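Fold and geometry: a report
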Amino acid sequence: LLRTPGFIRLADLVRDKLRAVRPLVGIFKHETCERFPGLADAETLRMVRREVEEVEHAVIAEVAGNPALRRKGIEGSLEKDPLCQVCMVLSSVTSILDGVRELQHCILRSE
């Protein structure tokens, strides 16, 4: 499942978003009156919310079409339920991206 196009693209988006926001974190040690150099990179201003939504829909479609995930997990164990595992991964990725987006917005608003 991790080799499907949707999951690969989702992983790429998370990596790209983290790389884009990384230069902004330097603002916490920026102590001059000059413009913060991290804002010079256009990639730090890039928003990927719509693209992430499209990729998440693609991942859900891939999961829905995967017959291996239609089997039931062990009774009483959500940890072993394949669909529950996929939901946890998607939820975690969404949470990570929301946190990174909030950090990005807070830094950009303060400039």
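What this report covers is the structure whose coordinates are included nearby. What you see is a predicted model, and the numbers here were worked out from it, not measured in a lab. Each chain carries its own residue numbering, running from 1 in the direction its sequence is written. Confidence filtering applies because this is a predicted model: local features only for residues at pLDDT of at least 70, side-chain atom pairs given and counted only at 80 or more, and all residues used for totals across whole chains, interfaces and linings. Only hydrogens and water are set aside when side-chain values are computed; all heavy atoms of the structure are taken into account.

For the rest of this paragraph, the subject is the overall build of the protein chain. Helix and strand definitions here come from DSSP, where helices need a minimum of 4 consecutive H or I residues and strands a minimum of 2 consecutive E residues; each element is numbered from the N-terminal end. Looking only at helices and strands, one finds 3 helices and 0 strands in the protein chain. When the helices and strands of the protein chain are listed from N to C terminus, the series reads α-α-α. A 1.4 Å probe rolled over the protein chains alone gives each residue an accessible area, and that area as a share of the maximum for its type sets the label: buried under 20%, exposed over 50%, partly exposed in between. The buried share of the protein chain, taken over its 111 residues, is 30%. In this description, contact between two residues means that some pair of their heavy atoms is separated by no more than 4.5 Å. Partitioning the contacts of the protein chain with sequence separation of at least 6, the portion at a separation of at least 24 is 67%. Only the protein chains shown count as cover for residues, with accessible areas throughout obtained via the Shrake-Rupley method and a probe of 1.4 Å. For the protein chain, the accessible surface area stands at approximately 7,800 Å², while carbon and sulfur atoms represent 59% of it.

Turning to the pattern of salt bridges, a few remarks are in order. Pairs can form between side chains of opposite charge whenever their charged atoms are close. What counts as a salt bridge is simple: a side-chain nitrogen of Lys or Arg found within 4 Å of a carboxyl oxygen of Asp or Glu. For the structure on display, the rule yields 4 salt bridges. Between Arg101 and Asp98 there is a salt bridge, with its nearest N and O atoms 2.7 Å apart. Residue Arg101 and its partner Asp98 are both found in helix H3 (residues 82-110); the two are separated by 3 residues, about one turn of the helix. For Arg101, a relative accessible area of 13% translates into the label buried. Judged by relative accessible area, which is 38%, Asp98 ranks as partly exposed. Several salt bridges share partner residues, and in doing so they unite Asp12, Arg15 and Asp16 into one network.

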